[in-house]
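Residue-level structure breakdown
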Amino acid sequence: MIVWNHFPQGEHRTQCPICQRRDKSLGVSVFSHESAVAHCFRCGYVETRRPQRELTPAEREAYKRRMDAMRQQHDAEQRERQAAAASIAAVRWAAAKPVQAHPYLERKAVMAHGLRLEGDMLLIPLRDSAGTLMSLQTIAADGTKRFVPGGRTRGCYHAIGRPAGRLVVAEGYATGATIHEDTGQAVAVAFNAGNLLPVAQALRGKYPGMELVIAADDDWQTDGNPGLTAARKAAQEVGALLAVPDFAGLDRGPKDSDFNDLRRLAQKEAAV
Ligand SMILES: [Zn+2]
């Protein structure tokens, strides 16, 4: 993926070809014309360039030392960025107002559970399992969602309700709010499919004896069904139950994938 010849010997920073963040998250260290390593401190992508021949033991040792140093430097940078983002999140959260109403909540027909308002944007806090605010998700009136740039999301979640024996992990806020409102169960919102497993692991560590349920988004029209695949994997890894929305008998559209969509369709059906 990386065109090594673009980089002379030395240290470089550039855009990552995998996650393609706009910031220069890819560190490239070129040791010689035949030996180099690149590492993205955002997505963790690593690519190396090694000589065709066997490395000598000394070369191998030097290579490993450089890799370790580079990883440490990138990890330190990431922690710094996350700390800065957490400070920004705390200031914005403290200044935000209570939610009276919001177009997104109206459209999804869910209530505000622990949310705040910043101008016309909904703020949803992301906390680690110790309860420390790490980032915010903003939802604009048109439904556009963003996180605080550089903030940590991995393993962080938004908690709705207090767990009593059982805890449900869902992808999005509207889905989680729907599940909480309809079942009374406590819910952790993981924000995206890729974060289901890290959140489930964090919750398993915090609540060893808790019954965990992973509520899947069934992305039935997307190749590989990323929502269901990630939910199944998370459930298997932490010993959780898996809940999948059952659209049988409903007039399901291509974008109907989650428990909020299911509720909307079921209510429509009941009203006919
Ligand atoms: Zn990347």
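The structure reproduced in this document is the subject of the present report. Treat the numbers as computed from the prediction; the structure is a model and nothing was measured.

1. With respect to the packing of helix H4 (residues 196-206) against helix H5 (residues 226-238)
Where H4 contacts H5, the axes come no closer than 8 Å and their chain directions differ by 25 degrees. Judged on the interaxial angle alone, H5 and H4 are roughly parallel. The interaxial crossing formed by H4 with H5 has right-handed handedness. Contacts between H4 and H5 involve Leu196, Leu197, Ala200, Gln201 and Arg204 on the former and, on the latter, Gly227, Ala230, Ala231, Lys233, Ala234, Glu237 and Val238.

2. Let's talk about the coordination of the zinc ion
At 2.3 Å from the zinc ion lie its protein donor atoms, namely Cys16 (SG), Cys19 (SG), Cys40 (SG) and Cys43 (SG). Bound by 4 donor atoms, the zinc ion shows angles of 104 to 117 degrees at the metal and therefore tetrahedral coordination geometry. One chain supplies every donor to the zinc ion, and in sequence these donors are spaced C-x2-C-x20-C-x2-C. Of the two residues, Cys16 sits in the loop between strand E1 (10-14) and strand E2 (26-32) while Cys43 sits in the loop between strand E3 (35-40) and strand E4 (46-49), which places them 27 residues apart along the sequence. The exposure class assigned to Cys43 is partly exposed, which follows from its relative accessible area of 37%.

3. Thoughts on the sheet that holds strand E13 (residues 211-215)
In any sheet, the strands associate via hydrogen bonds between backbone groups, in a parallel or an antiparallel arrangement. The mixed open sheet is built from 5 strands, whose spatial order is E10-E12-E11-E13-E14. The strands lining the two open edges of the sheet, one partner per strand, are strand E10 (158-160) and strand E14 (241-243). Neighbour-to-neighbour, the strand axes of the sheet open up by a mean angle of 25 degrees, direction not taken into account. The pairing of E10 with strand E12 (residues 186-189) spans 3 bridges and is classified as antiparallel. Paired with Ile160 across the bridge in E12 is Val187.

4. Notes on unusual backbone geometry
Although it is not a glycine, Gln20 adopts a positive phi angle of roughly 55 degrees. Residue position: Gln20 is located in the loop between E1 and E2. Its relative accessible area of 53% is what places Gln20 among the exposed residues. Phi is positive for Phe191, which is not a glycine, with a value near 80 degrees.

5. Some details on the nonpolar core
Leu105, Leu115, Leu122, Tyr173, Ile179 and Val187 are the most contacted members of the largest nonpolar core, which totals 29 residues. Of all the elements in the fold, those that place two or more residues in this core are helix H2 (103-108), strand E7 (121-127), strand E8 (133-139), strand E11 (166-170), helix H3 (173-183), E12, E13 and helix H6 (259-271). With 4 residues, the single largest contributor to this core is H3. Discounting chain neighbours no more than four positions away, the residues touching Val187 are His158, Ala159, Ile160, Leu167, Val168, Ala170, Gly176, Ile179 and His180.

6. What to know about the pattern of salt bridges
As a working rule, side chains carrying opposite charge can pair if their charged atoms are close by. Going through the model one piece at a time under the given rule, you end up with 14 salt bridges. Arg263 is paired through a salt bridge with Glu181; the nearest N and O atoms lie 3.4 Å apart. A residue pair is termed long-range when its members are at least 10 positions apart, and Arg263 in helix H6 and Glu181 in helix H3 qualify at 82 residues. The exposure class assigned to Arg263 is buried, which follows from its relative accessible area of 12%. A cluster of three or more residues bridged by salt bridges with shared partners is formed by Glu34, Arg53 and Glu59.

Calculation criteria
Residues numbered from 1 in each chain as written. Predicted model: local features only at pLDDT ≥ 70, side-chain atom pairs only at ≥ 80, totals over all residues. Heavy atoms only, no water. Axes fitted to C-alpha atoms, helices over the stretch in contact; angles between N-to-C directions. Helix = DSSP H or I, 4+ residues; strand = E, 2+ residues; numbered from the N terminus. Parallel < 35°, antiparallel > 145°, perpendicular 65-115°, else oblique. Left-handed = near helix turned anticlockwise from the far one by under 90°. Contact = heavy atoms within 4.5 Å. Donors = N, O, S within 2.8 Å, 3.2 Å for Na, K, Ca; no water. Tetrahedral: all angles 85-135°; square planar, octahedral: opposite > 155°, others 65-115°. Buried < 20%, exposed > 50% of the residue type's maximum accessible area, 1.4 Å probe, protein only. Pairing = 2+ DSSP bridges. Core = buried A, V, L, I, M, F, W, Y, C linked by side-chain atoms within 4.5 Å. Salt bridge = Lys/Arg side-chain N within 4 Å of Asp/Glu carboxyl O.

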